[in-house]
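# Observations on chain architecture
Spelled out, the chains give:
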Amino acid sequence: MKEDNDISQQLAEAVKAAAQKRTPLTITGSGSKRFYAGDIEGEKLDVTGHRGIVSYEPTELVVTARAGTPLAELEAALADKGQMLAFEPPWFGEGATLGGTIACGFSGPRRPYAGAARDFVLGTRIINGKGEILRFGGEVMKNVAGYDVSRLMVGALGSLGVLLEVSLKVLPKPAREVTLCFEMPADKAIQTMNTWGAQPLPLSAACHAGETLYVRLSGTELGVQAARAKLGGKPMDKGNDFWREIREHRHSFFQNDVPLWRLSVPPAALPIDLPGKWLIDWGGAQRWLKSDASATDIRMQAEKAGGHATLFRHAKQNGATFHPLPAQLATLHQNLKRAFDPDGIMNRVVAV
Amino acid sequence: MSTVLRQQSPEQNARRARAAAQLREFMPRAAVLTDKEDLHPYECDGLSAYRRLPWIVALPDTVEQVGRILRLCHEHDIPVVARGAGTGLSGGALPLEDGVLLSLSKFNRILEIDTANRTATVEPGVRNLAITDAAAPYGLYYAPDPSSQLACSIGGNVAENAGGVHCLKYGLTVHNVLGLKFMTMDGELITLGGKALDIPGYDLLALMTGSEGMLGVIVEITVKLLPKPERAQVVLAVFDEIEKAGDAVAAIIAGGFVPAGLEMMDNLAIRATEEYVKAGYPIGAVAILLCELDGTNEEVSEGIAQIRTLLLKQGAAEVRTAKDEAERLRMWAGRKAAFPAIGRLSPDYYCMDGTIPRKHLAKVLARIGELSKEYGLGVANVFHAGDGNLHPLILYDASKPGELEKTEDLGGKILEFCVAVGGTITGEHGVGVEKINQMCIQFTREELAQFHALKAAFDPKGLLNPGKAVPTLSRCAEFGRMHVHGGKLVYPDLERF
Ligand SMILES: Cc1cc2nc3c(=O)[nH]c(=O)nc-3n(C[C@H](O)[C@H](O)[C@H](O)COP(=O)(O)OP(=O)(O)OC[C@H]3O[C@@H](n4cnc5c(N)ncnc54)[C@H](O)[C@@H]3O)c2cc1C
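Residues numbered from 1 in each chain as written. Chains lettered and ligands numbered in written order. Predicted model: local features only at pLDDT ≥ 70, side-chain atom pairs only at ≥ 80, totals over all residues. Heavy atoms only, no water.

### Regarding the environment of A:Lys142
Turning to its location among the elements, A:Lys142 is positioned in the loop between β7 (133-137) and α7 (149-153). Look at A:Lys142 and you get buried, because its relative accessible area is 0%. Sequence separation of A:Lys142 and A:Phe87 is 55 residues, and the distance between their C-alpha atoms is 18 Å. Residue contacts for A:Lys142: discarding those within four places in its chain leaves B:Gly163, B:Gly164, B:Leu172, B:Thr355, B:His384, B:Asp387, B:Asn389, B:Thr424, B:Thr426, B:Gly427 and B:Glu428. (Helix = DSSP H or I, 4+ residues; strand = E, 2+ residues; numbered from the N terminus. Buried < 20%, exposed > 50% of the residue type's maximum accessible area, 1.4 Å probe, protein only. Contact = heavy atoms within 4.5 Å.)

### Details of the domain arrangement of chain B
Residue and element names in this part refer to chain B. Here chain B is partitioned into domain 1 (10-103), domain 2 (110-227), domain 3 (231-339), domain 4 (346-420) and domain 5 (439-496). Ranking the residues of domain 2 by area buried against domain 5 places Met185, Met214 and Leu215 at the top, with a combined share of 61%. Joining domain 2 to domain 5, the criterion identifies zero salt bridges. For the interface between domain 2 and domain 5, the tally reads two residue pairs in polar contact (both at pLDDT 80 or more). With three residues, the single largest contributor to the side of domain 2 that touches domain 5 is helix α7 (residues 204-208). Here the residues of the side of domain 2 that touches domain 5 sort into eight nonpolar, three polar and one charged. (Domains from an automatic or database assignment. Buried area = accessible area lost by both parts, 1.4 Å probe. Salt bridge = Lys/Arg side-chain N within 4 Å of Asp/Glu carboxyl O. Polar contact = N/O pair within 3.5 Å; in protein donor to acceptor, adjacent residues only side chain to side chain. Nonpolar A, V, L, I, M, F, W, Y, C, P; charged D, E, K, R; others polar.)

### Description of the site of the ligand
Residue and element names in this part refer to chain B. Ala82, Gly84, Thr87, Ser148 and Ser153 are the nearest of the 32 residues found near the ligand. The backbone of Gly163 places a nitrogen or oxygen atom 2.9 Å from a nitrogen atom of the ligand. In the model, an oxygen atom of the ligand is placed 3.3 Å from a nitrogen or oxygen of the Glu212 main chain. Contact with the protein chains covers 94% of the free accessible surface of the ligand, which is 980 Å². Residue assignment for the shell around the ligand shows that the elements contributing at least two residues are β3 (80-83), α5 (154-160) and β10 (217-224). When residues in the shell around the ligand are grouped by element, the largest group, five residues, is from α5. By residue class, the composition of the shell around the ligand is 12 nonpolar, 16 polar and four charged. For the shell around the ligand, the two domains that each supply at least three residues are domain 1 (10-103) and domain 2 (110-227). (Near = heavy atom within 4 Å. Areas by Shrake-Rupley, 256 points an atom, 1.4 Å probe, with all protein chains shown as cover.)

Shown next as structure tokens:
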């Protein structure tokens, strides 16, 4: 394990210098999610040296760590105290860092029931495009002083600033988890997931893959037992491995280089009429599609269903990742980008 | 501060008459108020120490009208303040003497309850509790439950990122909003999200939540509905020392529990409440904790037994479990009536809203006690202990000259202490006009400048709710000087300054 290290001043100097020369920067962690936003032009600004847990108080349910801290290290420290990152972030690579995770804003199977990455962010320390070190939010559960810049950073892909530190709310690990399997087609699975979602059940994940609906229950021993008795189904031996495979895209569904689309739609949306193979996660709200259909068709169908579509992996050409925004909203994005990064040097992601 | 009633110059009067006439071109006469007696109900929000008679009140009832109002004001550089139900506690909806107060009260329709997706789509003027009422027949509810939920509007909740007793487990407003429609100051309608769990682009849903009416006027909201838990049960723990109660809170959290609510009241609050609603609280207790668990029947039974043991181990003198639903509701009725109950103790009270790391609860409460003595003003505490969100209520009498100033000074001291222990000046009530000076303590110049730049990205002319939420740098410079002059610069050694 590498030493903890605070290089915020050094990073801020580098950004300041780049701003003066208007040199574009590409903020790099371990590179585990490089597939997502594509290559970003610019001089490398390596944040992996800025690492270590700054503070962790299990009784406060809060951890603060530097952006370059490997998720592996962070999650191990939490597990040691019986706690976890409840948004179950995908790593997409052994070296995954906290900064990259928050910048991408990805969340795993627990998301519909526990919340997304942004829901657990309490505060951040960032470097804006002028090279200023700024702190927003904090380490307390509730904080409405000033605009919620911390949550704005989640999913902004580093385009508004360099994440230096992130404070996250953590949760106790459930005492017991069980995964149940039910054979059924997709349309019935969508219905079932949403029917159960409207009942007071200790659900913590629900996904349909192949011809099977997988449902995870989390809670106390007694609570999980009672819910299991109510739902029936076949318990799965290695439930945790299954959800990790789904989360990390190591499940067989993901194993080919057909373009992978992520459709974020209302959970009860009916099956979407597009050619290709589907894996339905998040109780119906996140639908993975392996398809060669045109981006236009996919985006149109996603919108019709009340959501949007992202070309997540295996794009055949650059620049088609993100769902285009309506003109007024796009203008707001550009204004915001300028407000944080007047010289436009931070991660020039095609999204904005 | 008392009512500001500045005489308007003839020029200003003419300008006002012109603006009113232009508004009446597309709104009924009765929806554009300019007469003094009509304006009075709008002169303050829930923070009644600050009052100002609005210039004009506009009461639109269509989104199209909101757009026209905004475009008109934008064109003529007339500032606009949005107002929901006016229950805010930081003066966020305080009107301007030269601007339009835009009341969203006519936007009170519930547009859709979608049971399949478990969402409610509503207009901004809908009352918080009305959403839960509309969802109840389907076994669903809207989780954030501010104590003001009978009166406050969901638009105001979004603008303040309101919290409530159940936010410890179910999150604040920001965790429960899926979609928003809002209008920027130039009258453009922006749609964010809908019923899906996330939105493309930057997370403007999060940014809009808690933005105190500074970035846009919210005209439609889609919120998440949750299934009503099978069972809820509450225990009441009695403590003879504040420290023990504070430590018990930490122990519950450390024990891996996520209570649906975890509230604390001190002796003054207990006595006032008991006298007012007879909730059965022990009036001799130094502090009580109310801890509620919810979930499936089995989970709750198991958890309550464990919590009882834990509380006794933490030194609770007594732990009561509600015998039935009626007793559970009675225990909560006391907590929910605490503000008005305390209001009976004194002609006026001033509600603070700092949040601190839970481990400092005992220390901060002790400090508040000291300050209370020092200033000779009573302070009652009733608050969201599980979240570390304090609500010290300072008792004062506004009719006594100088007492409000003294109260504000004491309040400021409390907030500064919250910041010093790693907390924040506001957990859920917002900055508004009230805590604008304390913003200078919590944030650096660069951070405040970043807020201003962000605001300008939405509202380059600075016409939406000007003067609220984020202080100008010159104001902070003045505030800083004030403190140094008084020889009272607090915690000069702390890095955050
Ligand atoms: C007795 C009492 C108890 C309270 N308890 C709690 C509590 O437990 N938790 C809590 O969080 N708060 C509490 N509050 C504070 C208050 O109720 C909340 O802040 C509430 O969210 C305000 O809603 P409102 O509709 O009254 O907003 P208003 O007071 O009308 O406005 C508040 C702010 O929101 C802006 N705004 C309002 N509507 C819109 C809109 N449509 N678009 C854009 N901006 C808008 C206004 O400009 C203003 O800045 C309490 C208040 C009282 C009086």
